[in-house]
Each structure stands twice: as structure tokens, then as C-alpha cells.
Amino acid sequence: MLHEHRFRAMNTAVAAWLWTDSPLAGVRLDEVERLFAQVEAELSRFRPQSGLSRLNAAAGRGPQPISSMLHEVLALALQAARASHGVFDPTVLNALQAAGYDRSFELVGTDGASPQHRQKVAASGSGWQRVLLDAAEGTAALPAGLGIDLGGIAKGWTVDQAARHLGQWGPALVDAGGDIRSGGAPGEPWPVAVQDPFDETRDLAVVSLADNAVATSSIGGRRWQRDGQPMHHLIDPRTGQPSCSDLHTVTALAPTATEAEITAKVVLLLGRQKGQRYAEKRGHSVLCIDHAGQQSTAGHWPA
Amino acid sequence: MTEQVRPRSGSGLPSSGGGMAWKSGVLSASLGVVLLGWGLLARDSVADNTIPAPLQPQIIVVRVPVQRWPGSGQAVVASQSLAQRQPAAITMAPLPQKPVFQQPITRTRGS
């Protein structure tokens, strides 16, 4: 039978489904909630005691010991930065804060960033190439003024971990704010809808997940005002400003939620033409929606 | 008084040496036909024993009770050949791992 568990974590709604007759299904689903809590406690930039916050606070003070979890996710983020030539960049924290996203999103008001954050981003910019990660020593070093945000990639990574964990017990699906991954024994695929970014009561498409993942990046989700100007959370590292590409929303299909999350963000930042080439080069499929609502696809996006 | 019975010489046919030869010929011919027929029958019988007719297995498809998963709409049907004279071991097709959802279970959206 199908078991479902819903909770909130990482400032978003999380749901997990497990198809099993085991009486331990509830225990397994509770373990997923604990996993999200552990990752958030270690990788959130909004938790002062998290490993990521400690690393950011120690920028400019040389190599710092970090947990294996932080090391793994940071390594994935730097790998994605290299593959995208810096279009995906985890070191945009200061730009995010300067844009006004300097606290958990539900606390972001319309007053924008604090003056110290605006000065900070002007001085540091972004720079994934300046992060030193030492696998042998289990340390990371940030130059002074540089900060890391692992928000999106940490969410996708946690979804992957949760789906793999549940998949040991049966077919499973995990959804964290639209980052969705199926796991477990192959079988009938899970149908997942793609929400219309301009009308949340409508769906644009339905994709089937069978041991793969889907994620969506959009400038329509987390928006706020700064100095009367509309802002959003997708910072283009090339400008240090919120993205102004020709795309409003991108949904990506990839083998893992981590990859889908990265591809959706990179394609949105690159724009339709270059972005679709990026996705095709990686064998991922994307559905792109521009600001007028026009759709285009690349890769093997299901018709 | 003893009456000496004389053997009868036939049924009115002339009893001569040429008549005996005719009878021997008929008997020989009859015997030949019988032996020939026996031989042919024996040969057919041997042929029947050495070249058996091919056995066609009798294929009977057994439809076992249809098993459905809740909401799946998928049937599982197994078949078996009775000519194999095997015990009623039925090979089941792989069962679906979970039901087929008719509607999306969740939605991806920008966050």
C-alpha cells in the first residue's frame, strides 16, 4: 500500500511516498524527515551554528575542518560551477544578501538588504575558483569576503539521499518544493505534473519519473521589492544581479534531483538558446517558458 | 458279416492322374497367396513399430484467476501446456511494483 508523509523543511513543503506492505513504513518515512532536519542543520546559511555558517564566518582565516556532508555537497557545487563555466556559482551569497535575500525568505520584507551587505557584495563579488577544498584533510578555505550559499543544490541532494534511502524498502518518491526524485525498484512510473508558473491552478505537462528526477527554477517564486524594484533569488554570477534572461521558468529532467536542480538554474540564467544547448550537451531534457508564457523544449522532453 | 467298404473314388469326377495334379496346383496357389499376405502384413506391422507417428503435444491454455492491484487495471495471466504432464506449477508474470496512478501524485514548480 502507499504511505505518505508530509512535513516542512528547508523553508519549503516536503512530501515522501513509499509503496510497501512493511509495518515499518512509518519508521522509514520518519527517517526521511530526520534526514532533512540533519541536512538543514548542517547546510543552511540561516542557521548560525550550521557547518556552512561557520565556514562562511571563517572566510579569510585559512582552511577550516568541515563535515563529510558539507564537503560532498560543496564539491558537487564546485563541480557544477566548473561544468557551467561559472554560470552556476555557489559563491553568490553576498550578491543574494545585497539583493535583499539576507534572511530566511519568510522574513524577507520590502525594505531590501542592509547597507553592510550592499557594501560587501561590491567588494567581493563571486568566485568559485577561489574556494579551496581539500578532500584529504577534510577542510575548506574561503578568501575574505566570500560566502557560500548551497540552498538549491542542498535541497536537490537531500531529495536524492531520501529517495535512495526509501528505495531500499520499495518504490518511492520524494518532493521538496518541486525538486522531485523517484527511487526503488523499477516499476510503473510516477506521474508528476509541471505547474503553470503564471497560473498555479493549471498544469502545463505531465512527466513520468522512473528512477530519475525533475526540478524547476523560476523567477516567479521568491520575489520581493528593493528600492521599489522587483527582485528575485536567482542571481546571475556574471552580473551579481538577479537574472534578466529571456526565460521566466525552466523545468529540467535529469538522472538525479541534484543534476535537475543545477540544469534548471543554469538554463534559466543562460537564456533559451544557450541554455538549451547546455541541457542537450548533458543529455538532460528541459521545458523552457519565457516571460510571455511561450514554451520550448530541448532534449528528449516528453511530448 | 463284415462289409468291406471300398473307398469312394470321388464325386463322379473322372479319377485319373491328371486330376490330382490340378488339385495340387490349386492348393499350392492358395498356400502361396496366404504366405504372401502374411508376409505383407508382417512387413506393415514392422513398419508400424519402427516409424512411430509424431506425437503432437496437446496445448491447453489455462487461464488462472485474474489478479488485479488496486487501481492498477492491469491483469496477470499465466499459461501452461498440459502435454508436459507437469504438476500444476504456474509461472506468474512479474507483478507490478506499485499501482498505476491515473493522476499526477505531485507537481514540480519553481521555488
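Residues numbered from 1 in each chain as written. Chains lettered and ligands numbered in written order. Predicted model: local features only at pLDDT ≥ 70, side-chain atom pairs only at ≥ 80, totals over all residues. Heavy atoms only, no water.

Enquirer: I'd love a proper account of the packing of helix H1 (residues 25–43) of chain A against helix H6 (residues 151–167) of chain A, names of residues and values included.
Expert: All names here are of chain A. Packing of H1 against H6 leaves a shortest axis separation of 10 Å and a crossing angle of 155°. On the basis of the axis angle, H1 is roughly antiparallel to H6. Taken as a pair, H1 and H6 cross one another with a handedness that is right-handed. When H1 is examined against H6, the residues Arg28, Leu29, Glu31, Val32, Leu35, Phe36, Val39 and Leu43 are found in contact with a partner set consisting of Ala154, Trp157, Thr158, Val159, Gln161, Ala162, His165 and Leu166. When the residues that make up the contact of H1 with H6 are grouped by side-chain class, the tally is eleven nonpolar, three polar and two charged. (Axes fitted to C-alpha atoms, helices over the stretch in contact; angles between N-to-C directions. Helix = DSSP H or I, 4+ residues; strand = E, 2+ residues; numbered from the N terminus. Parallel < 35°, antiparallel > 145°, perpendicular 65-115°, else oblique. Left-handed = near helix turned anticlockwise from the far one by under 90°. Contact = heavy atoms within 4.5 Å. Nonpolar A, V, L, I, M, F, W, Y, C, P; charged D, E, K, R; others polar.)

Enquirer: How would you summarise the sheet that holds strand S4 (residues 132–134) of chain A if you had to cite specific residues and measurements?
Expert: Residues and elements named next belong to chain A. Spatially, S3-S5-S4 is the arrangement adopted by the three strands of the open sheet, whose pairing is antiparallel. If you trace the sheet from one side to the other, it starts and ends with strand S3 (64–65) and S4, each paired once. As defined by bridge partners, S4 adjoins strand S5 (residues 139–141) across three bridges and the pair is classed as antiparallel. Bridging across to S5, Asp134 finds its partner in Thr139. (Pairing = 2+ DSSP bridges.)

Enquirer: Talk me through the pattern of salt bridges; I want residue IDs and the actual numbers.
Expert: Within this structure, the stated rule accounts for ten salt bridges over all chains. Put simply, A:Glu31 and A:Arg28 hold a salt bridge, and the shortest N to O gap is 3.3 Å. Residue A:Glu31 and its partner A:Arg28 are located together in helix H1, separated by three residues, close to a single helical turn. In this structure, A:Asp203 engages B:Arg107 in a salt bridge whose closest nitrogen and oxygen atoms are separated by 2.7 Å. (Salt bridge = Lys/Arg side-chain N within 4 Å of Asp/Glu carboxyl O.)

Enquirer: Break down the confidence of the model for chain B for me, citing the residues and quoting the values.
Expert: Residue and element names in this part refer to chain B. Confidence in the prediction of chain B, expressed as mean pLDDT, is 53, and 26% of residues score 70 or more. In the predicted structure, residues 1–17 sits below a pLDDT of 50 and forms one contact with residues beyond four places in sequence or in another chain. Low pLDDT, under 50, characterises residues 45–88; the stretch is placed with 48 contacts to residues that sit more than four places away or in other chains. ipTM for the predicted complex: 0.84, alongside a pTM of 0.72. (pLDDT = per-residue confidence, 0-100.)

Enquirer: Describe the packing of helix H3 (residues 68–83) of chain A against H6(A), naming the residues involved and giving the relevant values.
Expert: Residues and elements named next belong to chain A. With their axes 10 Å apart at the nearest point, H3 and H6 run at an angle of 115° to one another. For the pair H3 and H6, the crossing hand works out as right-handed. Two secondary-structure elements touch here, H3 through Met69, Glu72, Val73, Leu76 and Ala77 and H6 through Ile153, Ala154, Trp157 and Gln161. A class-by-class count of the residues in the contact of H3 with H6 yields seven nonpolar, one polar and one charged.

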